[in-house]
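Single-letter residue listing:
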Amino acid sequence: MIREYLEEVGRKTEYVINSAGAIAIMLAQAVMYTFVPPIKLRNMFKQMEFVGVESLFVVILTGTFTGMVLALQSFNALKRFGAESLVAPTVALSMARELGPVLTGLMVTGRAGSAMATELGTMRVSEQIDALVTMAVNPIKYLVVPRVVAGVLMFPVLTIISDFVGVVGGYIVGVKFLGINSGVYIARTLDFVNVHDIFYGLKKSLAFGLITATVACFHGFYAKGGAEGVGRAATSSVVMGSVLILVSDYLLSSIMSY
Amino acid sequence: MIEIKDLRKSFESKVVLDGVDLTIEKGKITVIIGRSGEGKSVLIKHIIGLLRPDSGKIMLDDVEITALKEREFNGMRKRFGMLFQGAALFDSMTVSENVGFPLVEHTDLNEEDVLKIVKEKLRRVGLEGVEDLMPAELSGGMKKRVGLARAIVMDPEIVLFDEPTAGLDPIMSDSIGDLVLETQRALQTTYIVITHDITLTYKIADKIAMLHEGRIIEQGSVEEMKANRNPIVRQFLEGRAQGPIKVY
Ligand SMILES: Nc1ncnc2c1ncn2[C@@H]1O[C@H](COP(=O)(O)OP(=O)(O)O)[C@@H](O)[C@H]1O
Ligand SMILES: [Mg+2]
């Protein structure tokens, strides 16, 4: 009983350590090949469109509603101290420092990360990646680099959009529904929120983009076992990507607060 | 000429290639036959460096290709073309982008010249007017043809075929066989074909080699193999369930 349990823990640990190593190697190769010519901008733009433009809708939707619910909940709490107008900075700071980057990261991992893993996984099991190799094209450079670059560049862009619509959502609820004075709301936001807070969140989102894209490419690239394996790759990439985003969010927050 | 010497490969504890020795002559069609799961795909993946052996070597002319580093192998790969079992066309690209892909990646030809070569190769495999279709819109036979056009677009010295007729009806299989012959005759390219399709084998082979339990057990011309008395060879060529080969 205990022995079986320990063996299971051992296997899981081994798996985690092995994947961590393999992901690190893939990331190192991707970074290296990013700067090795020829640099194919066309593939990068295609991926940026895929990660950025096509995630816009879901990011706007989650950002807006998050801002709205933040306004609602913080209003209920702050009302007790007669500090209703602090709803404004509460929404803006939470969005910029935490929820903008994290929610964007999680949503885009679910959408674009799973799609990347599925696409590369399909290419692996149908031998398209082998075909690239036989045509003397490096698959890391051709497939992984554009996706990682797109993740790193587009996550911050999406995060800024999420921050913005979140603040707008908070404004709508705070001013239109809860009756906070519009001028006061805007003034309080500008008083308390610094450009550093926005950069703080963007730095995180950059890391999340790197994590999501690398993890998704890793699972897709090494998928095996036909259609079922592709499905597994997509699931693992979302689970691992999301967990790593939340863990690294804490780590980054604690590092950056010094 | 390609010489395979005592090639061995295992996956975890499963021995797949157990000392393969085989000489593949330049400008000829060598067909490697064997049951499904015997390691035919594993064997040709070693020739083009998709897999590395545990021991043994493969010589291409005077170069020991199995000893090359990945980067050095890439130079070698331009001498090869490969048609994969499922054709392995890139499903995000049109037919002409697929066929032209190696040209776009490795030559300085402009778009117009690439398209001209693509059309010429597509005509050679019997396809016209399909340039702008996506792979998903093609039938199995058409996919193989497009895959063949892509494999020969750089005029390679050696072309590898992984089960070129798998999943095709007998008539389509025969026309793929014709195509293999026509394209090979035109340029005297070295063709290596792996298959378990006996009809195809008899049609195209200059030399047949049979892979069984990780080794080449018999080899020879079509006539020699037809006359071969090895009961394993006989059972396979005649397609019988009864015999020395165990069916699981
Ligand atoms: N990458 C791999 N990892 C583990 N086992 C493999 C791998 N590739 C092939 N095999 C195993 O090697 C054996 C031979 O496979 P293959 O060469 O595809 O057979 P076939 O002769 O039908 O082409 C099979 O049992 C297969 O499971
Ligand atoms: Mg096979």
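Every value quoted in this text rests on a predicted model; they were computed, and no experiment measured them.

Draft legend 1. Geometry of the overall build of chain A. The helix and strand tally for chain A stands at nine helices and zero strands. Expressed along its principal axes, the backbone C-alpha trace of chain A runs to roughly 65 × 55 × 35 Å. Within chain A, buried positions represent 47% of all 258 residues. A fraction of 84% describes how many contacts in chain A between residues 6 or more apart in sequence connect residues 24 or more apart. With an accessible surface of roughly 12,900 Å², chain A has 71% of that area assigned to carbon and sulfur atoms. Averaging the locations of the 19 positively and 16 negatively charged side chains of chain A gives two centres separated by 4 Å.

Draft legend 2. Geometry of the overall build of chain B. Counting its secondary structure elements, chain B contains nine helices and 10 strands. Against the 2.2 N^0.38 benchmark of 18 Å for 248 residues, chain B shows a C-alpha radius of gyration of 18 Å, consistent with a compact globule. Classification of the 248 residues of chain B by burial places 52% in the buried group. Considering only residue pairs separated by 6 or more positions, chain B has 64% of its internal contacts joining residues 24 or more positions apart.

Draft legend 3. Looking closely at the site of ligand 1. Residues and elements named next belong to chain B. Around ligand 1, the neighbouring residues are Phe11, Lys14, Val16, Arg35, Ser36, Gly37, Glu38, Gly39, Lys40, Ser41 and Val42. Gly39 places a main-chain nitrogen or oxygen 3.0 Å from an oxygen atom of ligand 1. Considering ligand 1 on its own, with 560 Å² of exposed area, one finds that the protein chains cover 60% of that surface. Residue assignment for the shell around ligand 1 shows that the elements contributing at least two residues are strand E2 (14-24) and helix H1 (40-47). The element that contributes the greatest number of residues to the shell around ligand 1 is H1, accounting for three residues.

Draft legend 4. Fine view of the interface of chain A and chain B. Contact with chain A, which involves 16 residues of that partner, is made by 23 residues of chain B. Between chain A and chain B the total buried area reaches about 1,600 Å² when both faces are included, carbon and sulfur atoms providing 58% of it. When the area that chain A buries against chain B is broken down by residue, the three leading residues are Glu127, Thr134 and Met135 of chain A, summing to 35%. Where chain A touches chain B, the interface holds three salt bridges. The closest approach of N and O atoms between Lys40 of chain A and Glu105 of chain B, which form a salt bridge, is 3.2 Å. Summed over the shared surface of chain A and chain B, the result is four residue pairs in polar contact (both at pLDDT 80 or more). Mapped by element, the contributors of at least two residues to the side of chain A that touches chain B are helix H2 (41-51) and helix H5 (128-134) of chain A. At six residues, the largest contribution of residues to the side of chain A that touches chain B is made by H5 of chain A. For the side of chain A that touches chain B, a count of residues per class yields eight nonpolar, three polar and five charged.

Draft legend 5. Seen up close, the packing of aromatic side chains. Applying the stated rule across the entire model yields six aromatic pairs over all chains. Their ring planes at 90 degrees and their centres at 5.3 Å tell us that Tyr142 of chain A and Phe101 of chain B sit as a pair that is edge-to-face. Highlighted residues: Tyr142 of chain A in helix H6 (residues 139-177) and Phe101 of chain B in helix H3 (residues 95-106), drawn from two different chains. Residue Tyr142 of chain A shares its accessibility class with Phe101 of chain B, and that shared class is buried. Measuring from ring centre to ring centre gives 5.2 Å for Phe221 of chain A and Tyr222 of chain A, while their planes differ by 75 degrees; the resulting arrangement is edge-to-face. Counting every residue linked through ring pairs, the aromatic cluster contains Tyr142 of chain A together with Phe90 and Phe101 of chain B. Cation over ring: Lys226 of chain B sits above Tyr202 of chain B, and NZ or CZ is 4.5 Å from the ring centre.

Draft legend 6. Main features of the packing of helix H8 (residues 195-221) of chain A against helix H9 (residues 226-256) of chain A. Residue and element names in this part refer to chain A. In the contact formed by H8 and H9, the axes pass within 9 Å of each other and the chain directions differ by 150 degrees. On the basis of their axis angle, the class for H8 and H9 is roughly antiparallel. Between H8 and H9 lies a crossing of right-handed hand. Of H9, the residues touching H8 (which contributes Tyr200, Lys203, Lys204, Ala207, Phe208, Ile211, Thr212, Val215, Ala216, His219 and Gly220) are Ala233, Ser236, Ser237, Met240, Gly241, Leu244, Ile245, Ser248, Asp249, Leu252, Ser253 and Met256. Its residues assigned to classes, the contact of H8 with H9 shows 12 nonpolar, eight polar and three charged.

Draft legend 7. Broad picture of the environment of Val153 of chain B. All names here are of chain B. Its location among the elements puts Val153 in the loop between helix H5 (140-151) and strand E7 (158-162). C-alpha of Val153 to C-alpha of Pro102: the two residues are 51 residues apart in sequence and 7.5 Å apart in space. In this view, Val153 contacts Val99, Pro102, Leu103, Ile117 and Lys121; residues no more than four positions away in its chain are not counted.

Draft legend 8. Just the pattern of salt bridges, in detail. On inspection of all chains with the given rule, the structure shows 29 salt bridges over all chains. Residue Arg52 of chain B pairs with Glu70 of chain B through a salt bridge whose shortest N-O separation is 3.5 Å. Taken as a pair, Arg52 of chain B in the loop between H1 and strand E4 (55-60) and Glu70 of chain B in helix H2 (residues 70-77) lie far apart in primary sequence, 18 residues in all. Using a relative accessible area of 27% as the deciding quantity, one classes Arg52 of chain B as partly exposed. Glu70 of chain B gets classed as partly exposed once you look at its relative accessible area, which sits at 42%. A salt bridge links Arg240 of chain B to Glu238 of chain B; the nearest nitrogen and oxygen atoms lie 3.2 Å apart. On the accessibility criterion, Arg240 of chain B (39% relative accessible area) is partly exposed. The network of salt bridges with common partners includes Arg124, Glu127 and Asp130 of chain A together with Lys45 of chain B.

Cut-offs used in this document
Residues numbered from 1 in each chain as written. Chains lettered and ligands numbered in written order. Predicted model: local features only at pLDDT ≥ 70, side-chain atom pairs only at ≥ 80, totals over all residues. Heavy atoms only, no water. Helix = DSSP H or I, 4+ residues; strand = E, 2+ residues; numbered from the N terminus. Buried < 20%, exposed > 50% of the residue type's maximum accessible area, 1.4 Å probe, protein only. Contact = heavy atoms within 4.5 Å. Areas by Shrake-Rupley, 256 points an atom, 1.4 Å probe, with all protein chains shown as cover. Lys, Arg positive; Asp, Glu negative; His and termini not counted. Charge placed at Lys NZ, Arg CZ, Asp CG, Glu CD. Rg over C-alpha atoms; globule rule 2.2 N^0.38 Å. Near = heavy atom within 4 Å. Polar contact = N/O pair within 3.5 Å; in protein donor to acceptor, adjacent residues only side chain to side chain. Buried area = accessible area lost by both parts, 1.4 Å probe. Salt bridge = Lys/Arg side-chain N within 4 Å of Asp/Glu carboxyl O. Nonpolar A, V, L, I, M, F, W, Y, C, P; charged D, E, K, R; others polar. Phe/Tyr/Trp six-rings, centres within 6.5 Å; stacked < 30°, edge-to-face > 60°. Lys NZ or Arg CZ within 6 Å of the ring centre and 35° of its normal. Axes fitted to C-alpha atoms, helices over the stretch in contact; angles between N-to-C directions. Parallel < 35°, antiparallel > 145°, perpendicular 65-115°, else oblique. Left-handed = near helix turned anticlockwise from the far one by under 90°.

Nothing here speaks to function; it is all geometry.
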